[in-house]
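# Architecture at a glance
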Amino acid sequence: MALHNRILLGLVLGAAAGVSINLAIGMTPTVGWIVTNVAEPLGRVWLNALIMVVIPLVLSTLALGVAGLGDVSRLGRIGLITLVSFLTLTTLAVILGLTLVNTVRPGAGLDPGLREELMATYGGQSDQVMGLAEGALGINTFVNFVPRNPVAAMAQGEMLAVIVFALFIGVALTTIPKATAKPLLDVLDSIAAVTIRIIEIVMNFAPYAVFCLIFAVTTRFGLSLLGSLATYVLTVISGLVIFSVVVYSVILSLIARRNPLDFFKRTKIVTVTAFSTSSSNATLPTTLRVTEEELKVPREIAGFVIPLGATVNMNGTALFEGITVLFIAQVFGQDLTLAQQLVVIVMSVVTAIGTAGVPGGSIPLLMMVLQMVNVPVEGIAIIIGVDRILDMCRTTVNVMGDMVTATVVDRFEAGRTVRPVPVLERS
């Protein structure tokens, strides 16, 4: 059985087992012990193994990708196309989200008693992330784009700083003699090859890890919480599905000149991995491999667009933020004006760029948007209980957006000459 089918099987079995146990006996002490001490730790170990190789993979592939472009002018051209694509997709996602939430109004009918119960249950978690929101995005974020100490930035997982450092390495390699650049290019290529091999080994355990992750989520929450917030959850998921199926298909057909059905078929394993891990960074190695091998995007383009997209291109997150801000406003009986909704659009796009590519990374920045439009920040507690499930869905859309952008860039760059980058033979 193919790997993506085995992962999908693990996901289905994990969800079925978790929901069944939740409905049959609930979260008993024994079940809670199994979830806390067996299922969740095993899932997190696998997730950590994927995240472990993200920094060396981003550093090597992005530097090689920029070096492979051949000249700085081509980097500027590809960078511009990539940036325009990222911003356009993200803006369209927020507009779609606001259209849906204004039409459906999922927060208007939420029972006040349930609102108080949810805030009492998850209020502690919202207090924890409120502190993160204060420093999540600001002038320091801009200043820290360029790291004082690249090694420290790597150790702390500061992806934007690592990306900037990798860009500098790639640009510098294009401006020095080929003989001088070749040793470092060979080292970077070896690092990329080793990390890719590690990923292949780790992915063999994906079906079992996915079972554990999904089992833990569904056992803990079951269907009761989803039922209470069903309209909100369905609004978010409907928006994500529409954006994936309709918007991405239109862009693939009209701009990238690719068959959408073939695209979705070739990227199944990426979709399943993103959904299971809820992490763009953890999915990055698989996304990069599939973009090169299945979508046939040139290595230098994939190596530039995909690592960058995993950090700054968050279409699904922007859509989620737009819907959630208005949902919480509706719960508290607030109708945001057109001007306030324009602020939501702009800030959802901006904060999506600063979102960490890890599970739950959007919550601190979402709280900033709530503050800017004078919606009670404490309302974030209402949706924290279902955020893990929605995080799975929006991460899938985020990662698909990176691959769509890579095909768009490839379409505009088709036929241009590329200076070859040394590549190690891989068995």
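Residues numbered from 1 in each chain as written. Predicted model: local features only at pLDDT ≥ 70, side-chain atom pairs only at ≥ 80, totals over all residues. Heavy atoms only, no water.

### Notes on the overall build of the chain
Helices and strands together make up the secondary structure of the chain, namely 20 helices and zero strands. Here the chain, with 427 residues, has 53% of them falling under the buried criterion. Considering only contacts in the chain between residues 6 or more positions apart, those separated by 24 or more positions represent 87%. Carbon and sulfur atoms provide 67% of the accessible area of the chain, an area that totals close to 18,000 Å². (Helix = DSSP H or I, 4+ residues; strand = E, 2+ residues; numbered from the N terminus. Buried < 20%, exposed > 50% of the residue type's maximum accessible area, 1.4 Å probe, protein only. Contact = heavy atoms within 4.5 Å. Areas by Shrake-Rupley, 256 points an atom, 1.4 Å probe, with all protein chains shown as cover.)

### What about the side chain of D402?
Within the secondary structure, D402 sits in helix α20 (residues 380-413). No salt bridge forms around the buried D402; measuring N to O, its nearest opposite-charge neighbour R394 is 13 Å away. Setting aside chain neighbours within four positions, we find D402 in contact with V305, I306, G309, A310 and N313. (Lys, Arg positive; Asp, Glu negative; His and termini not counted. Salt bridge = Lys/Arg side-chain N within 4 Å of Asp/Glu carboxyl O.)

### So, the nonpolar core
One recurring pattern in soluble globular proteins is that nonpolar side chains are buried together. Within the largest apolar cluster, 115 residues are counted, with the highest numbers of intra-cluster contacts made by W46, Y232, F243 and V325. Among the elements that take part in this core, α20 stands out by supplying 16 residues, more than any other. If we skip the residues at most four places from it in the chain, Y232 touches P106, F320, I323, T324, F327, I383, V386 and L390. (Core = buried A, V, L, I, M, F, W, Y, C linked by side-chain atoms within 4.5 Å.)

### What about the pattern of salt bridges?
Inspection of the entire model under this criterion finds nine salt bridges. Its salt-bridge partner being R258, residue D410 comes within 3.1 Å of it at the nearest N-O pair. In this pair, D410 sits in helix α20 while R258 sits in the loop between α12 (230-254) and α13 (260-266), placing the two residues 152 residues apart along the sequence. The class for R258 is partly exposed, based on a relative accessible area of 21%. With its nearest N and O atoms 2.8 Å apart, the salt bridge here joins R266 to D262. Remark: D262 and R266 occur in helix α13; sequence separation between them is four residues, near one turn of the helix. For R266, a relative accessible area of 33% translates into the label partly exposed.

### Some points on the side chain of N398
Examined against the element boundaries, N398 turns out to sit in helix α20. Taking the relative accessible area as the measure of exposure, N398 reaches 2% and is therefore buried. Other than its neighbours up to four places away in sequence, N398 contacts S280, N313, M314, N315, G316 and T317.

### Quick look at the packing of aromatic side chains
Per the stated rule, a full pass over the model turns up four aromatic pairs. Seen in terms of ring centroids, Y232 and F327 are 4.2 Å apart; in terms of plane orientation they differ by 25°. Their pairing is stacked. Here the residue Y232 occupies a position in helix α12, and F327 occupies one in helix α17 (residues 315-331), the gap between them amounting to 95 residues. As far as burial versus exposure is concerned, Y232 and F327 are alike and both buried. Considering the side-chain rings of F243 and Y248, the 5.1 Å spacing of their centres and the 70° angle between planes classify their relative orientation as edge-to-face. On the basis of relative accessible area, F243 is assigned to the buried category, the value being 0%. The class of Y248 is buried, set by a relative accessible area of 0%. (Phe/Tyr/Trp six-rings, centres within 6.5 Å; stacked < 30°, edge-to-face > 60°.)

### Here's the deal with the environment of P285
With respect to the secondary-structure elements, P285 resides in helix α15 (residues 280-293). Since its relative accessible area comes to 4%, P285 is described here as buried. Put simply, P285 and I199 are 86 residues apart on the chain and 6.8 Å apart in space, counted from C-alpha to C-alpha. If near-sequence neighbours (up to four positions away) are discounted, P285 is found in contact with L50, V53, L57 and I199.

### So, helix α14 (residues 268-277)
Counting buried residues along α14, seven of its 10 residues qualify, which places the element largely inside the surrounding structure. What α14 keeps buried is the set I269, V270, V272, T273, A274, S276 and T277. Note on α14: the residue one or two positions beyond its end, S278, has a positive phi of about 60°.

### Some words on a nonpolar patch on the surface
The grouping of V241, I242, V245, V246, V250, L254, I255 and F412 at the surface amounts to a nonpolar patch, some 690 Å² of accessible area in total. Broken down by element, the nonpolar patch gets its largest block of residues, six residues, from α12. For F412, the position within the fold is in helix α20. (Patch = residues over 30% accessible without salt bridge, like charges linked within 9 Å, V, L, I, M, F, W, Y side chains within 5 Å.)

### A word on helix α16 (residues 299-312)
For α16, spanning 14 residues, the distance from its first C-alpha to its last is 20 Å, which sits close to the expected 20 Å at 1.5 Å a residue. Most of α16 sits out of view: 13 of its 14 residues are buried. (Expected span 1.5 Å × (residues − 1).)

### Looking at the environment of G32
The residue G32 is located in helix α2 (residues 29-52) in this model. On the basis of relative accessibility, which here comes to 15%, the residue G32 falls in the buried class. Along the chain, G32 and A216 lie 184 residues apart, while their C-alpha atoms are 9.1 Å from each other.

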